[in-house]
Amino acid sequence: MHPDRIRKPIPSKLSAGTQKRKPITACIRCGTCCQKGGPSFHHADKNLIEKGIIHSRHLYTIRRGQLAYDNVRDCLMPVDSDIIKIKGKKDSWACIFFEEDEKACRIYANRPLECRVLKCWDTREIEKIYAENRLTRKDLISEVKGLWDLIKDHQGRCDHEKIHKWVKALDSAIKKEARKELIELIQYDTEIRKLVVSKAGLDAEMLDFLFGRPLIETIENYGLNVEQSGKKISLMSTSRRKK
Ligand code: SF4
């Protein structure tokens, strides 16, 4: 599983060799920007979600504090607020609305702000707006009382700062306690997702938007893998984990 990306990749920066051979001054519909990842949402995009043009089952949230890949700094960074993004296709970065054969956007007339301002031959506009006025889950669902309380509770219990602290403690004198705490958080995160689908009847496709991607997957960004045997969860270090 790839780590989530904070910023929409800018193709001109990613394929500088090609750009040198043939400078681009207008969109040639190569599709590279859509293949490299979908946009993050800003306040200007709120009505696209509120009017159901883009459904929340097409979105996922990178939660505050979560590690995500910053393609400009070329490293994993904790994010400072929720970042809501369009999901990628299975096993690739490509935006789910991107039609590979036609090299076209299925929601072109209603594409989000970042897609509208991204010009790979002149990145000034996207660089100006990418971190401004980001849309958060609070902006969208804080008025849905019971659901918002559940999300706040989940965010508090599975706070990434707390996770980071326990991951660091795996190399300390309290490593047993740290391992136990992390496993409990993963179990809680897994169970709450099952519960809102089975008891509250929520669409399972909305879970990555409501609670972020499952902790059982995002814990990989801390250099840990989860092994499951029935209900038993074990944490394994991967070579990526820095001590
Ligand atoms: S919403 Fe459309 S324009 Fe934006 S990344 Fe997806 S396919 Fe491309």
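The residue numbers shown here count from 1 along each chain, following its written sequence. In keeping with the model being predicted, local features are shown solely for residues with a pLDDT of at least 70 and side-chain atom pairs are shown and tallied solely at 80 or more, while totals for entire chains, interfaces and linings include all residues. Excluded from the side-chain calculations are hydrogens and water; all other atoms, namely the structure's heavy atoms, are used.

Draft legend 1. Expanded view of the side chain of Arg134. Mapped onto the secondary structure, Arg134 falls in the loop between helix H6 (124-129) and helix H7 (137-141). Accessible area is worked out with a 1.4 Å probe on protein chains only. A residue is then buried under 20% of its type maximum, exposed over 50%, and partly exposed in between. His is not counted here, nor are the chain ends, while Lys and Arg score as positive and Asp and Glu score as negative. Put simply, a salt bridge is a Lys or Arg side-chain nitrogen that is within 4 Å of an Asp or Glu carboxyl oxygen. In this structure Arg134 is buried but unpaired, with Asp80 as the nearest side chain of opposite charge at 4.2 Å. Under the rule applied, a polar contact is a pair of N or O atoms within 3.5 Å (in protein, one hydrogen donor and one hydrogen acceptor; residues adjacent in sequence only if both atoms are side-chain atoms). Engagement of the side chain of Arg134 in a polar contact is seen with the backbone oxygen of Tyr130, the distance being 3.4 Å. In this description a helix means any DSSP run of H or I spanning at least four residues, a strand means any run of E spanning at least two, and both kinds are numbered starting from the N terminus.

Draft legend 2. Expanded view of unusual backbone geometry. Even without a glycine there, the phi angle at Asp91 is positive, about 60 degrees. Position of Asp91 relative to the elements: it lies in the loop between strand S4 (83-86) and strand S5 (98-99). Overall, the relative accessible area of 76% leaves Asp91 in the exposed class. With a phi close to 50 degrees, Lys103 is a non-glycine residue in the positive phi region. Classification of Lys103 as partly exposed rests on a relative accessible area of 34%.

Draft legend 3. Seen up close, the pattern of salt bridges. Tallied over the full model, the rule gives 15 salt bridges. Linking Arg57 and Asp203 is a salt bridge whose minimum nitrogen-to-oxygen distance equals 4.0 Å. With Arg57 in the loop between helix H4 (46-50) and strand S1 (59-62) and Asp203 in the loop between helix H10 (175-198) and helix H11 (207-211), this pair connects stretches of sequence that are 146 residues apart. For Asp82, the salt bridge goes to Arg137, with nearest N and O atoms at 2.8 Å. Within this pair, whereas Asp82 is found in the loop between strand S3 (75-78) and S4, its partner Arg137 is found in helix H7, the two being separated by 55 residues in sequence. Because the salt bridges share partners, they merge into one network encompassing Asp189, Arg193 and Asp208.

Draft legend 4. Structural detail: the environment of Trp121. Its location among the elements puts Trp121 in the loop between helix H5 (113-117) and H6. Along the primary structure Trp121 and Cys27 are separated by 94 residues, whereas in three dimensions their C-alpha atoms are 8.3 Å apart. Note on contacts: a residue pair is in contact if any heavy atoms of the two residues lie within 4.5 Å. Contacts of Trp121, omitting those with residues within four sequence positions, involve Ile24, Thr25, Ala26 and Cys27. Polar contacts involving the side chain of Trp121 include one to the main-chain carbonyl oxygen of Thr25, which spans 3.2 Å.

Draft legend 5. View of helix H8 (residues 145-157). A helix is expected to span 1.5 Å multiplied by its residue count minus one. Relative to the 18 Å expected for 13 residues at 1.5 Å per residue, H8 spans 18 Å between its end C-alpha atoms, a close match to the ideal helical length. Looking only at H8, the buried set comprises Leu147, Trp148, Ile151, His154 and Gln155. Summarising the axial view, the buried residues of H8 lie within an arc of 125 degrees, below the 170-degree limit, and thus occupy one face. The outward face of H8, more than 90 degrees from its buried face, is lined by the exposed residues Lys145 and Gly146. The directions considered for the arc run from the helix axis to the C-beta atoms.

Draft legend 6. Broad picture of the packing of H8 against H10. Axes here refer to lines fitted to C-alpha atoms; in helices the fit is confined to the stretch in contact. Angles between the N-to-C directions go from 0 to 180 degrees. At a closest axis distance of 11 Å, the pairing of H8 and H10 adopts a crossing angle of 165 degrees. Our classification of the angle between H8 and H10 gives roughly antiparallel. Considering the relative orientation of H8 and H10, their crossing is left-handed. On the side of H8, the interface is formed by Leu150, Asp153, His154 and Arg157, while H10 contributes Leu185, Tyr188, Asp189, Ile192, Arg193 and Val196. Considered class by class, the residues forming the contact of H8 with H10 number 5 nonpolar, 1 polar and 4 charged. We call two directions roughly parallel when the angle between them is under 35 degrees, roughly antiparallel when it is over 145, roughly perpendicular when it lies between 65 and 115, and oblique otherwise. In this scheme, a crossing is called left-handed if the near helix is turned counterclockwise away from the far one by less than a right angle; it is called right-handed if the turn is clockwise. Following the grouping adopted for this structure description, the nonpolar residues are Ala, Val, Leu, Ile, Met, Phe, Trp, Tyr, Cys and Pro, the charged ones are Asp, Glu, Lys and Arg, and the polar ones are all others, Gly among them.

Draft legend 7. Looking closely at the side chain of His154. Secondary-structure assignment places His154 in helix H8. His154 gets classed as buried once you look at its relative accessible area, which sits at 0%. Side-chain polar atoms of His154 contact the side chain of Asp189, separated by 2.6 Å. Once you skip the residues sitting within four places of it in the chain, His154 turns out to touch Arg63, Asp159, Tyr188, Asp189, Ile192, Arg193 and Phe211.

Draft legend 8. Just the packing of aromatic side chains, in detail. Two aromatic rings from Phe, Tyr or Trp, using only the six-membered ring of Trp, form a pair when their centres are within 6.5 Å; if the ring planes differ by under 30 degrees the pair is stacked, by over 60 it is edge-to-face, and anything between is tilted. Summed over all chains, the structure comprises 0 aromatic pairs. One residue, Arg157, lies across the ring of Tyr188, its end atom 3.9 Å from the ring centre. Charges are assigned to positions over rings by a cutoff of 6 Å between ring centre and Lys NZ or Arg CZ, combined with an angular limit of 35 degrees from the ring normal.

Draft legend 9. How the structure looks around helix H9 (residues 160-169). Among the residues of H9, those classed as buried are His160, Ile163, Trp166, Val167 and Ala169. The opening residue of H9 is Asp159, an N-cap whose side-chain oxygen sits 2.8 Å from the backbone nitrogen of Glu161.

Draft legend 10. Structural context of the pairing of S4. The side-chain alternation of S4 yields two buried faces, one formed by Ile83 and Lys85 and the other by Ile84 and Ile86. Only strands that DSSP links by at least two bridges are regarded as paired with each other. Pairing of S1 with S4, which is carried by 4 bridges, proceeds in the antiparallel orientation. What sits directly across from Tyr60, in S4, is Lys85.

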